[in-house]
Amino acid sequence: MSAKRLIDIDGLSLDLIETILERAVALSQGAEPFAQTHTVANVFFEPSTRTRVSFEMAATRLGLRVINLDGERSSITKGESVLDTLKTLHAMGVELAVLRHEQTGICHELMDELPPGLGLINAGDGCGHHPTQALLDAATLIAQGVDLPTAKVVICGDLRHSRVARSNVALLTRLGVGEIGLAGPEALMPAMGSDFEGIKRFEDLDSALANADVVMMLRVQKERMDAAHGGLDWADYHQHWGLTAERLAKAKPDCWVMHPGPMNRGVELSADVADGPRSLILTQVRMSVFTRMAIFEALLS
Amino acid sequence: MSAKRLIDIDGLSLDLIETILERAVALSQGAEPFAQTHTVANVFFEPSTRTRVSFEMAATRLGLRVINLDGERSSITKGESVLDTLKTLHAMGVELAVLRHEQTGICHELMDELPPGLGLINAGDGCGHHPTQALLDAATLIAQGVDLPTAKVVICGDLRHSRVARSNVALLTRLGVGEIGLAGPEALMPAMGSDFEGIKRFEDLDSALANADVVMMLRVQKERMDAAHGGLDWADYHQHWGLTAERLAKAKPDCWVMHPGPMNRGVELSADVADGPRSLILTQVRMSVFTRMAIFEALLS
Amino acid sequence: MSAKRLIDIDGLSLDLIETILERAVALSQGAEPFAQTHTVANVFFEPSTRTRVSFEMAATRLGLRVINLDGERSSITKGESVLDTLKTLHAMGVELAVLRHEQTGICHELMDELPPGLGLINAGDGCGHHPTQALLDAATLIAQGVDLPTAKVVICGDLRHSRVARSNVALLTRLGVGEIGLAGPEALMPAMGSDFEGIKRFEDLDSALANADVVMMLRVQKERMDAAHGGLDWADYHQHWGLTAERLAKAKPDCWVMHPGPMNRGVELSADVADGPRSLILTQVRMSVFTRMAIFEALLS
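Model, not experiment: these values are computed from the prediction.

Caption draft 1: Geometry of the overall build of chain A. Each helix and strand counted, chain A has twelve helices and ten strands in total. For chain A, the C-alpha radius of gyration of 19 Å lies close to 19 Å, the compact-globule estimate for 301 residues. By principal-axis analysis of the C-alpha atoms, chain A measures approximately 55 × 45 × 35 Å. Taken across its 301 residues, chain A has 63% of its residues classed as buried. Counting contacts in chain A only where the partners sit at least 6 residues apart, residues at least 24 apart contribute 76% of the total. A total of about 10800 Å² of accessible surface is found on chain A, and carbon and sulfur atoms cover 51% of it. On chain A, the mean spot of the 28 positive side-chain charges and the mean spot of the 39 negative ones are 4 Å from each other.

Next up, the structure:
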């Protein structure tokens, strides 16, 4: 991996992972950011204000210059490939592009063709990867004092299409987490032979939760849930796969609850769990900025 | 009222009102702004480039970091409540949110549930309040040398739905203005028992204007005018309720003309009045930046 | 011409043109930009992320404050003329507006009515002018060491509707370029008696290219090509008017290839030419930022 590219978890050295995570925790505890005078561009072909604002806040706190480019509505792309768009931005002085795109695998495709001086961060590609989300989730757990080598982490929801799940499984595996468990509707479980090979699967949330230290709930997308359930409604999903206070009682008493946001309250999670004392959801949001600051520092130094 | 919230005029102490108005006038005369290193977010669920740019200019001149969030197109809100969106922004480091929303009363509803450290400015809620517009209008009049305790102010237009009118009536009353008069089509006059209780009403603009020192014209929205007039056209509205040079002659010779913008030329106002020597419309725009600077200073200090 | 207006090439003194071009080249070679504390607004009624980002990068590197205003979706313009919008921005503190608008001639119309203190840069008006594109193209050629007084420049494509072509012909003429040649489909050639009066025309690209030092390809817009060709497809356009390596061989061996972007690969240009050693396309993008920095410096000093 080039020092300036962050495409997926597998492309990162364990050293770089540990540098980023330690630095994110240090920044969250008040360490001084390294001043930067570089220019980064947020290039979002798939809308995500949450992730865009998080990267923008991180860049702004480092003193980076930020250009926001909404690819969907962007005329920069009229008849132009994503590669030409990124080359154009680089020629204008952009040194690092944060790219979100609905096409799975696009960052891997671009990687060899990009100008060597242009850094790239994958901010989510289709059903592919979302490495910065996994890094911020891990930084959140470390900052919270979770002992990863002994922790049991459960990931629940649409595992088949989730780039968040894929990157989290890859990172937690690299970090030597105690155990990972997967749970979700049959039709939304990952295909065999996939990146989730060898990861423990549960047929219902209750058995997955037994003795868990951390439960990560994934965001439900209505159109996929319909396909998986033959048109069942959200209340029904919640009944089978939603995390309620009652269900959470099956896990350890100090089990942490996570969600990458934005939440569908009353679907993935009941409101009392989302707002309860075990929820790390706003801590994840807070750590997202510090983790992305640490990533910018690592890629731009 | 928390020192960090500006929701409506009634929630402000007279001390704070006077501090803001004096400071706005001082800034407009060249006083040095207080440097700020806070982060504010413009969260606009209802589009308003004019107001957003005015807040952005004010923030930029103070050295604040500004995040612009167009709520309408924002994926931050997918299945997410406004409260969750604001909590998310706060967790990312936003210390003050400027909120515009089409739902009347939303700022009041949010106020008790927001994190204590998050400031909130109501930049217009449905048919509710628009306190920063009222403050900038008052700062404009003070900067112009109008003696409020003796001034007769006329407000004309769609008073029933106007948050600008509601906040102006509340502020002018607090500031002890000489007299307020209201005029507008019957169907667009405020309901009895409303916030406009006890304010003088006129059945036509000419009698309202008699001896006026200030006339505030409200923006007409076509869909509401149609309802009020049974589908009459803009020319017809202009004939009955539009401010022309001829009509303005009924007021005092040095009567000031105001409009919150954007104007419909030839509807609320004839072009010669809008561009004439008695028009304060561009002065209002100019004072909008200084007043919002004073508001940021007051809420963030 | 006011020192603060850049509307078309004809309105510029040769002195100012030379100052801008020399400064752009110097900035591209590392000269220190003059620090600026002014506020500029990008007001784009016609979408163009490429041009907007280029102006934004230039402004940011000079330390200017930048306000981005997407006029198309902007409520600042509800029922408001462009003149009122610009007056409003000026009242808010904007000192220079960069305006793109689909209406040909709008900058000329506005010029006399704008507040004297508000600068204006025409960033493209309909089928009118695009003077900053011509300046950056000339700066690119000068930086590349092209000897303009002896150079033969060919411009190919939709000359009838192209503001890029119009401004380039005007600027190259002013700079005393050796020879200009025009080529393109008959239906897309400029009308007689137009700004292109007296400029050499060729009936096919091959003869135009003979002995050329520089070829500027214009962007094709599908709807116009259809009209010109009675619905022929892009492959057909490419066959007649596209620049291929084979065709480029008719020009001088060191002939430069330019395109204002965004390119339709395989239409105006074959990919091997676009990415080949004679292509200046990314150099133009790079010079666009330095040229616009030089323009800001010249207009704001």
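Caption draft 2: Inspection of the sheet that holds strand S8 (residues 200-202) of chain B at higher detail. All names here are of chain B. Here we have five strands laid out as an open sheet, ordered S8-S7-S6-S9-S10, and parallel in their pairing. A single partner strand is all that each edge strand has here, and the edge strands are S8 and strand S10 (256-258). The mean angle between the axes of side-by-side strands here comes to 25°, regardless of whether they run parallel or antiparallel. Pairing between strand S9 (residues 214-217) and S10: three bridges, direction parallel. Its bridge partner lying in S10, Met216 is registered against Met258.

Caption draft 3: Seen up close, the side chain of Glu56(C). As for its placement among the helices and strands, Glu56(C) is situated in helix H2 (residues 49-61). Look at Glu56(C) and you get buried, because its relative accessible area is 10%. For Glu56(C), the contacting residues outside a window of four places in its chain are Val66(A), Ile67(A), Asn42(C), Val66(C) and Asn68(C).

Caption draft 4: Spatial organisation of the pairing of strand S7 (residues 179-183) of chain C. Residue and element names in this part refer to chain C. Across the five residues of S7, four count as buried, placing the element largely inside the fold. Across five bridges, the pairing between strand S6 (residues 152-156) and S7 is parallel. Its bridge partner lying in S7, Lys152 is registered against Glu179. In this view, the connection linking S6 to its parallel neighbour S7 by way of helix H6 (residues 163-174) has right-handed handedness. Relative to strand S8 (residues 200-202), S7 is paired through three bridges, and the arrangement is parallel. Residue pairing in the sheet places Ala183 in a bridge with Phe202 of S8.

Caption draft 5: Examining the nonpolar core more closely. Counting 86 residues, the largest nonpolar core has Ile121(A), Leu135(A), Ile155(A), Leu182(A), Phe296(A), Leu86(B) and Leu99(B) as its most contacted members. The leading source of residues in this core is helix H12 (residues 281-300) of chain A, at eleven residues. What Leu99(B) contacts, discounting residues up to four positions off in sequence, is Val43(B), Phe45(B), Val82(B), Ile106(B), Cys107(B), Leu110(B), Leu120(B), Ile121(B), Asn122(B), Ala123(B) and Gly124(B).

Caption draft 6: Here's a closer look at the confidence of the model for chain A. Averaged over every residue, the pLDDT of chain A is 91; the share at 70 or more is 93%. Prediction confidence for the complex, expressed as pTM and ipTM, is 0.93 and 0.92 respectively.

Caption draft 7: Here's a closer look at the domain arrangement of chain A. Residues and elements named next belong to chain A. As far as domains go, chain A holds domain 1 (5-131 + 287-300) and domain 2 (145-279). Once you take the C-alpha centre of each, domain 1 and domain 2 turn out to be 27 Å apart. Here domain 1 and domain 2 share an interface that buries about 1300 Å² over both sides, 56% of which is from carbon and sulfur atoms. Three residues, Ile9, Arg50 and Cys127, lead the burial of domain 1 against domain 2; their summed loss comes to 39% of the area buried on that side. At the boundary of domain 1 with domain 2, the tally comes to one salt bridge. A salt bridge links Glu46 to Arg163; the shortest N-O distance between them is 2.9 Å. In this assembly, domain 1 and domain 2 are joined by seven residue pairs in polar contact (both at pLDDT 80 or more). Those elements that place two or more of their residues in the side of domain 1 that touches domain 2 are helix H1 (14-28), strand S4 (96-101) and strand S5 (119-125). Of the residues forming the side of domain 1 that touches domain 2, the biggest block, three residues, is contributed by H1. Taken together, the residues of the side of domain 1 that touches domain 2 break down into seven nonpolar, seven polar and five charged.

Caption draft 8: Layout of the relation of the copies chain C and chain A. By a simple turn and slide, chain C fits onto chain A: the slide is 0.0 Å along the axis, the RMSD is 0.0 Å, and the turn is 120°. Such values leave the two copies arranged in the relation of a three-fold axis. Relative to the rotation axis, the closest C-alpha in chain C is found at Asn68(C), a distance of 6.1 Å. A distinct binding surface is used by each copy, with only 5% of the interface residues of chain C retained as interface residues in chain A.

Caption draft 9: Seen up close, the interface of chain B and chain C. Taken together, the contact between chain B and chain C spans 22 residues of the former and 21 residues of the latter. A buried area of about 1800 Å², summed over both sides, lies between chain B and chain C, and 57% of it is on carbon and sulfur atoms. Its largest share of buried area at the contact with chain C, chain B owes to Thr49(B), Arg50(B) and Met57(B), together 27% of the area lost on that side. At the junction of chain B and chain C, the tally comes to two salt bridges. Two residues, Arg50(B) and Glu80(C), come together in a salt bridge whose shortest N-O distance is 2.3 Å. Every element with two or more residues in the side of chain B that touches chain C is listed here: helix H2 (49-61) and helix H12 (281-300) of chain B. At nine residues, H2(B) tops the list of elements feeding residues into the side of chain B that touches chain C. Here the side of chain B that touches chain C is composed, by residue class, of eight nonpolar, five polar and nine charged.

Caption draft 10: Quick peek at the sheet that holds strand S2 (residues 39-44) of chain C. Ordered by their spatial adjacency, five strands build an open sheet running S1-S5-S4-S2-S3 (chain C), and the pairing between neighbours is parallel. Each edge of the open sheet is held by one strand with a lone partner, namely strand S1 (5-6) and strand S3 (65-70) of chain C.

Caption draft 11: View of the pairing of S5(A). Residues and elements named next belong to chain A. Counting buried positions along S5 gives seven out of seven residues, so the element sits mostly inside the fold. As defined by bridge partners, strand S1 (residues 5-6) adjoins S5 across two bridges and the pair is classed as parallel. Each residue of the ladder has a partner; that of Arg5, found in S5, is Leu120. Inspection of the sheet shows S4 paired to S5 by five bridges, in the parallel sense. Following the sheet pairing, Val98 is matched in S5 by Ile121. Taken together, S4, helix H4 (residues 106-111) and S5 form a β-α-β motif whose crossover is right-handed.

Caption draft 12: Representation of the pattern of salt bridges in the model. Tallied over the full model, the rule gives 30 salt bridges over all chains. The salt bridge partner of Lys200(B) is Glu179(B), with a shortest N-O separation of 3.8 Å. A residue pair is termed long-range when its members are at least 10 positions apart, and Lys200(B) in strand S8 and Glu179(B) in strand S7 (residues 179-183) qualify at 21 residues. Of the charged contacts in the structure, one is a salt bridge between Asp275(C) and Arg265(C), with a shortest N-O distance of 2.8 Å. Highlighted residues: Asp275(C) in the loop between helix H11 (271-274) and helix H12 (281-300) and Arg265(C) in the loop between strand S10 (256-258) and H11, separated in sequence by ten residues. The exposure class of Asp275(C) is partly exposed, given its relative accessible area of 47%. Put simply, Asp84(A), Arg265(C) and Asp275(C) are held in one network by salt bridges that share partners.

Scoring rules and cut-offs
- Residues numbered from 1 in each chain as written.
- Chains lettered and ligands numbered in written order.
- Predicted model: local features only at pLDDT ≥ 70, side-chain atom pairs only at ≥ 80, totals over all residues.
- Heavy atoms only, no water.
- Helix = DSSP H or I, 4+ residues; strand = E, 2+ residues; numbered from the N terminus.
- Rg over C-alpha atoms; globule rule 2.2 N^0.38 Å.
- Buried < 20%, exposed > 50% of the residue type's maximum accessible area, 1.4 Å probe, protein only.
- Contact = heavy atoms within 4.5 Å.
- Areas by Shrake-Rupley, 256 points an atom, 1.4 Å probe, with all protein chains shown as cover.
- Lys, Arg positive; Asp, Glu negative; His and termini not counted.
- Charge placed at Lys NZ, Arg CZ, Asp CG, Glu CD.
- Pairing = 2+ DSSP bridges.
- Axes fitted to C-alpha atoms, helices over the stretch in contact; angles between N-to-C directions.
- Right-handed = clockwise from strand over helix to strand, strands pointing away.
- Core = buried A, V, L, I, M, F, W, Y, C linked by side-chain atoms within 4.5 Å.
- pLDDT = per-residue confidence, 0-100.
- Domains from an automatic or database assignment.
- Buried area = accessible area lost by both parts, 1.4 Å probe.
- Salt bridge = Lys/Arg side-chain N within 4 Å of Asp/Glu carboxyl O.
- Polar contact = N/O pair within 3.5 Å; in protein donor to acceptor, adjacent residues only side chain to side chain.
- Nonpolar A, V, L, I, M, F, W, Y, C, P; charged D, E, K, R; others polar.
- Least-squares fit on C-alpha atoms with pLDDT ≥ 70 in both.

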